[in-house]
There are 2 protein chains.
Amino acid sequence: METDERAAVVEEVVESIERSAEMYGLSRSAGRVYGVLHFAGEPLSIPELVERTGYAKSTISTVTRRLTRLGLIRRRSSGGGGKRVQFAAETELWFILQEVFQQYVHREISASQRTFDRALTRLQSLDDEDTEVEEARVEELRETYSTLETLLNASMEYSPSELADAIEQYDG
Amino acid sequence: METDERAAVVEEVVESIERSAEMYGLSRSAGRVYGVLHFAGEPLSIPELVERTGYAKSTISTVTRRLTRLGLIRRRSSGGGGKRVQFAAETELWFILQEVFQQYVHREISASQRTFDRALTRLQSLDDEDTEVEEARVEELRETYSTLETLLNASMEYSPSELADAIEQYDG
DNA sequence: CTGCTCGTTCGGATTGGACCGAACAGTCGG
DNA sequence: CCGACTGTTCGGTCCAATCCGAACGAGCAG
């Protein structure tokens, strides 16, 4: 039965997506839902996702909301005033990853930098204390994070092919 | 008492490091240990880390091993045949982050790509089945991951300033 | 209005990770 | 040899996140 073989192959890929999702800080169920939607030719409703993923209705509801907020899937109100909603996987995965990156990493980096800046000014205001060592340590952190932020900003402004081009040209 | 103010500032920065550590998939204790080591002028032994972080001896032992494996701190056998070991924070944080990145992200990406490649060949071997849709889906994933890997490889070959230069030049 | 289905939200069970304390092995000074 | 100290390992606890089932509100068909 080759149909089973095909299903097995798809299953393996979906499991790979599950692992990747965990690496991005998402849950296993989120990875599976995205994987199923990615391979489904059509948008799927929550009952359909329940059947195809094996997860409970409530889990699908929560997970789809999370994925929708992240932009990894798209929510469509199918039909006129109908209640039934449908979800489809976002195809431009790269740009989605960029956004996810921004929502999490960039936020944290900015917050850290603010902390570092504030710490530096507070240390510098303690003139009569010997705070050179601490100031140097904070400055190190600040520079590292600043570099990181610069790179992240650049990564978000350009498409992956543009970035690859930029690096290749620089190499030459 | 300005000394308290200084300690408070350092504490705040260390807490920021804790949060960043969590973002990198590390534990809170790992962030604190690294932070304390970063601000300590000298290498610290496990008992000293116990006292300064407030964590149990066993926790420090586990966490230092983890951080050492990741390359975020360096372990030194202080003295000749002595048992006492000491730890110091790695200063070239950027390069360390690159390595951590490689150890985790790159590994996962490579594994995923192997899965995708294998899935493609297996799908193509089922000639009598209609697997075009699945093949296209897997191909999409493969390309996205391939782009990601290219960028990561480039990011690991160059220093941050070089990367920033490359992007800036491309912009012009 | 009634029955059916859909989607959300809540409390509770389960699981995995973080952390601790105790026990253990090894080393040095006496 | 003995006692003090260091570092590792193991069993157990605690907590947060995941996931489920049940209850609820709402629309639609009849």
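All of these numbers come straight from a predicted model, not from anything done at the bench. (Residues numbered from 1 in each chain as written. Chains lettered and ligands numbered in written order. Predicted model: local features only at pLDDT ≥ 70, side-chain atom pairs only at ≥ 80, totals over all residues. Heavy atoms only, no water.)

**Let's talk about the protein's contact with DNA strand D**
Basically, it comes down to this: Nearness of a residue to a molecule or strand requires only that one of the residue's heavy atoms be within 4 Å of it. What qualifies as a polar contact is a pair of N or O atoms within 3.5 Å, subject to a donor-acceptor requirement within protein and to the restriction that residues adjacent in sequence count only when both atoms come from side chains. Working definition: helices are DSSP H or I runs of at least four residues, strands are E runs of at least two. Numbering for both runs from the N terminus.
Close to DNA strand D lie 21 residues; A:S29, A:T59, B:S61, B:R65 and B:V85 are nearest. Protein-proximal atoms of DNA strand D, defined as those within 4 Å of the protein, fall in sugar or phosphate at a share of 63%. Note that a phosphate oxygen of DNA strand D is positioned 2.9 Å from one of the backbone N or O atoms of A:A56. At the level of secondary structure, the elements contributing two or more residues to the surface near DNA strand D comprise α2 (28-39) and α4 (57-70) of chain A together with α3 (46-53) and α4 (57-70) of chain B.

**A look at the domain arrangement of chain A**
Residue and element names in this part refer to chain A. Operational definition: The split of the chain into domains comes from an automatic or database domain assignment. Any pair of residues with heavy atoms lying within 4.5 Å of one another is described as a contacting pair. Buried area is a sum: the accessible area each of two parts loses on coming together, probed at 1.4 Å, counted once for each and added. Whenever a carboxyl oxygen of Asp or Glu lies within 4 Å of a side-chain nitrogen of Lys or Arg, that contact is scored as a salt bridge.
Taken domain by domain, chain A holds domain 1 (2-89) and domain 2 (93-171). Placing the centre of domain 1 and that of domain 2 at their C-alpha centroids yields a distance of 34 Å. Every contact between the two is made by seven residues of domain 1 and, on the other side, six residues of domain 2. For the pairing of domain 1 and domain 2, the buried interface totals around 580 Å² over both sides, and the portion due to carbon and sulfur atoms is 63%. When the area that domain 1 buries against domain 2 is broken down by residue, the three leading residues are Y24, L70 and L72, summing to 68%. Across the domain 1-domain 2 interface, the total number found is zero salt bridges.

**Examining the environment of B:S61**
Structurally, the position occupied by B:S61 is in helix α4. Separated by 26 residues in the primary sequence, B:S61 and B:F87 have C-alpha atoms spaced 11 Å apart.

**Section: the pattern of salt bridges**
Our working rule: The rule is simple: take the accessible area with a 1.4 Å probe, protein chains only, and divide by the maximum for that residue type; under 20% is buried, over 50% is exposed, in between is partly exposed.
Scanning the entire structure with this criterion turns up 26 salt bridges over all chains. Measuring nitrogen to oxygen at the nearest pair gives 3.0 Å for the salt bridge that ties B:E12 to A:R122. Here B:E12 is found in helix α1 (residues 2-23), whereas its partner A:R122 is found in helix α5 (residues 93-124) on a different chain. With relative accessibility at 25%, the residue B:E12 sits in the partly exposed group. Salt-bridge contacts for A:E134 lead to B:R6; the nearest nitrogen and oxygen are separated by 4.0 Å. Taken together, the residues span two chains, with A:E134 in helix α6 (residues 132-157) and B:R6 in helix α1. The same class applies to A:E134 as to B:R6, namely buried.

**Some thoughts on the protein's contact with DNA strand C**
With respect to spatial proximity, 21 residues lie near DNA strand C, and among them A:S61, A:R65, A:V85, B:S29 and B:T59 are the closest. Within 4 Å of the protein, the atoms of DNA strand C are drawn from sugar and phosphate moieties in a proportion of 66%. In this structure, A:S61 approaches DNA strand C through a side-chain N or O atom, which is 2.7 Å from a phosphate oxygen. One of the side-chain nitrogen or oxygen atoms of B:S29 is found 2.2 Å away from a phosphate oxygen of DNA strand C. The greatest single-element share of the surface near DNA strand C, amounting to four residues, is contributed by α4(A).

**Quick word on the packing of aromatic side chains**
For the record, the criterion: Pairing of aromatic rings covers Phe, Tyr and the six-membered ring of Trp, with a centre-to-centre limit of 6.5 Å; geometry is then stacked below 30 degrees between planes, edge-to-face above 60, and tilted otherwise.
Under the criterion given, the structure shown has four aromatic pairs over all chains. Ring geometry for A:F116 and A:Y145: centres 5.2 Å apart, planes at 85°, overall edge-to-face. Here A:F116 is found in helix α5, whereas its partner A:Y145 is found in helix α6, with 29 residues between them in sequence. For A:Y145, a relative accessible area of 10% puts it in the buried group. Consider the rings of A:Y158 and B:Y170, whose centres lie 6.1 Å apart with planes at 75°: the pair is edge-to-face. A residue pair is termed interchain when its members come from two chains, as with A:Y158 in the loop between α6 and α7 (160-171) and B:Y170 in helix α7 (residues 160-171). In this structure A:Y158 comes out as buried when scored by relative accessible area, which is 11%. With a relative accessible area of 24%, B:Y170 lands in the partly exposed category.

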